[in-house]
Amino acid sequence: MHKLSLPLRQGLDALGLHLDEHQRNQLLGYVDLMGKWTRVYNLTAVRDPQGMLTHHVLDSLSVVLPMRHQIEVLRLERRGNPPGDQDKGVPQKPFALLDVGSGAGLPGVVIAITCPEIQVTCLDAVAKKVAFIQQVAATLKLSNLTGQHARIETVAHPYDIISSRAFSSLAEFVSGSHKALSKGGVWMAMKGKNPEEELAALPEIAKVFHVEQLKVPGLDAQRCLVWMRG
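Residues numbered from 1 in each chain as written. Predicted model: local features only at pLDDT ≥ 70, side-chain atom pairs only at ≥ 80, totals over all residues. Heavy atoms only, no water.

1. Considerations on the sheet that holds strand β3 (residues 145–149)
The following threshold applies: Two strands pair under a simple rule: DSSP has to find at least two bridges between them. Under the DSSP-based scheme used, a helix requires at least four consecutive residues in state H or I and a strand at least two consecutive residues in state E, with every element numbered from the N terminus. Interaxial angle, 0 to 180 degrees, is taken between N-to-C directions of lines fitted to C-alpha atoms, where a helix line uses only the stretch in contact. By definition, residues are in contact when any of their heavy atoms lie within 4.5 Å.
On the basis of which strands lie adjacent, the open sheet formed by seven strands has the order β3-β2-β1-β4-β5-β7-β6 and mixed pairing. Of all the strands in the sheet, the pair left with one neighbour each is β3 and β6 (207–214). Each neighbouring strand pair of the sheet contributes to a mean axis angle of 20 degrees, computed without reference to strand direction. Sitting on the sheet, helix α6 (residues 127–139) touches β2 (119–124) and β3, and the angle it makes with β3 is about 165 degrees.

2. Some remarks on the environment of Y30
Structurally, the position occupied by Y30 is in helix α2 (residues 21–41). With 75 residues separating them along the chain, Y30 and G105 place their C-alpha atoms 9.6 Å apart. The residues contacting Y30, other than those within four sequence positions of it, are V57, A104, G105, L106, V109, V110, I113, F132, V136 and L140.

3. Thoughts on the environment of G185
In this structure, G185 sits in strand β5 (residues 181–191). In this structure, G185 is in contact with D160, M228, R229 and G230, ignoring residues within four places of it in sequence.

4. A few points about the packing of aromatic side chains
Cut-off, in case you're wondering: Stacked, tilted and edge-to-face pairs are distinguished by plane angle, under 30 degrees for stacked and over 60 for edge-to-face with tilted covering the rest, among Phe, Tyr and Trp rings (Trp via its six-membered ring) whose centres lie within 6.5 Å. The buried label applies to any residue whose accessible area, calculated with a 1.4 Å probe on protein chains only, is under 20% of its type's maximum; exposed applies above 50%, and partly exposed to all values in between. For a Lys NZ or an Arg CZ to count as sitting over a ring, it must be within 6 Å of the ring centre and within 35 degrees of the ring normal.
For the coordinates displayed, the defined rule picks out five aromatic pairs. Judged by centre distance (6.4 Å) and plane angle (75 degrees), the rings of F167 and F173 are edge-to-face. Residue class for F167 comes out partly exposed when judged on its relative accessible area of 31%. Ring pairs connect the aromatic residues Y30, W37, Y41 and F132, which therefore count as one cluster. Above the ring of F95, the side-chain terminus of R78 is found at 4.0 Å from the ring centroid. Of note, R229 hangs over the ring of F209, and the distance from its end group to the ring centre comes to 5.2 Å.

5. Some words on unusual backbone geometry
Glycine aside, a negative phi is what most residues show, and trans is what most peptide bonds show. With an omega of 5 degrees, the peptide bond running from L106 to P107 counts as cis. Mapped onto the secondary structure, P107 falls in the loop between β1 (96–100) and α5 (108–114). Even without being a glycine, K141 presents a positive backbone phi close to 55 degrees. Judged by relative accessible area, which is 70%, K141 ranks as exposed. The phi dihedral of A166 is positive, around 55 degrees, even though this residue is not glycine. Relative to the helices and strands, A166 resides in the loop between β4 (159–165) and α7 (170–177). We classify A166 as exposed; its relative accessible area is 69%.

6. Overview of α2
Along an α-helix, residues three or four apart share an orientation, since each turn contains 3.6 residues. Selection criterion: Multiplying 1.5 Å by the helix residue count minus one yields the expected span of that helix. Any pair of N or O atoms that falls within 3.5 Å is considered a polar contact. Within protein, one atom must be able to donate a hydrogen and the other to accept it, and sequence-neighbouring residues count only if both atoms are side-chain atoms.
Taking 1.5 Å per residue, 21 residues should reach 30 Å; α2 reaches 30 Å between its end C-alpha atoms and fits that length. N-cap assignment for α2: the residue whose side-chain oxygen lies 3.1 Å from the backbone N of H22 is D20. Just past α2, the residue N42 takes up positive phi, approximately 55 degrees.

7. Observations concerning the side chain of S163
Tracing the backbone shows S163 in strand β4. Overall, the relative accessible area of 0% leaves S163 in the buried class. Discounting residues that sit within four places of it in the chain, S163 has contacts with L97, L98, D99, V100, P107, F173 and M188.

8. Re the pattern of salt bridges
As a reminder, the rule being used: We count a salt bridge whenever a side-chain nitrogen from Lys or Arg sits within 4 Å of a carboxyl oxygen from Asp or Glu.
Here the structure, examined in full by the defined rule, presents seven salt bridges. In this structure, K191 and E198 form a salt bridge, with 2.9 Å as the shortest nitrogen-oxygen distance. Overall, the relative accessible area of 14% leaves K191 in the buried class. Residue class for E198 comes out partly exposed when judged on its relative accessible area of 25%. Overlapping salt bridges bring together D59, R165 and R223 as one network.

9. Some thoughts on helix α4 (residues 64–79)
The following threshold applies: Note: the arc covers the axis-to-C-beta directions of the helix.
Compared with the 22 Å implied by 1.5 Å per residue over 16 residues, the 22 Å span of α4 between its first and last C-alpha is a close match. Burial in α4 covers these residues: V64, P66, M67, Q70, I71, L74 and R78. Down the axis of α4, the sector holding all buried residues measures 150 degrees, keeping them to one side. What points out from α4, more than 90 degrees from its buried face, is the exposed set H69, L76 and R79.

Nothing here speaks to function; it is geometry throughout.
The structure is reproduced here in structure tokens:
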């Protein structure tokens, strides 16, 4: 048994998140890959496996239930848009998420594992980090995960959700990525304590509709999730 199996299960229970054995093994495999690559490429400042589980994986897992709720809202809004493919019996296309400045794949890889119905693109300007994402997708057989080496300002493909975790200020985040946000899409920004100054400095292209506090098991630090619309 993997030495982090029990801490992972305890963390999932604390978050109220149910994952099957395959998904749990994928998360543990992701931690292992992160550790191997970090020894060579310095992907993350956190180097011990338990620290990676708490500070990276559980931190990213804390957004999954709030994100699923928001996707249900988006799905209902899609159904209310007349007339669409759903009215013709044609399955709707899957939701697409762009994780900006993804680094080692946080929270993008975690979302791809826990929500296989979402197409996840991890974007980073550093080639070695994108190579790591591609290795994760191949090793863990995540067909819904891709890595893209580019700067956010060059991306124009529309995404339903654009996420970030400690990428930049909220103003820089939305200004750089607004061309990639689909009509009716949302921004999801992971932050530490409530970023009041950043919220006050937001450009008019983004409207905050919800700020929710997150509790990460085993992490004694403030976390929140900022939701915005274009």
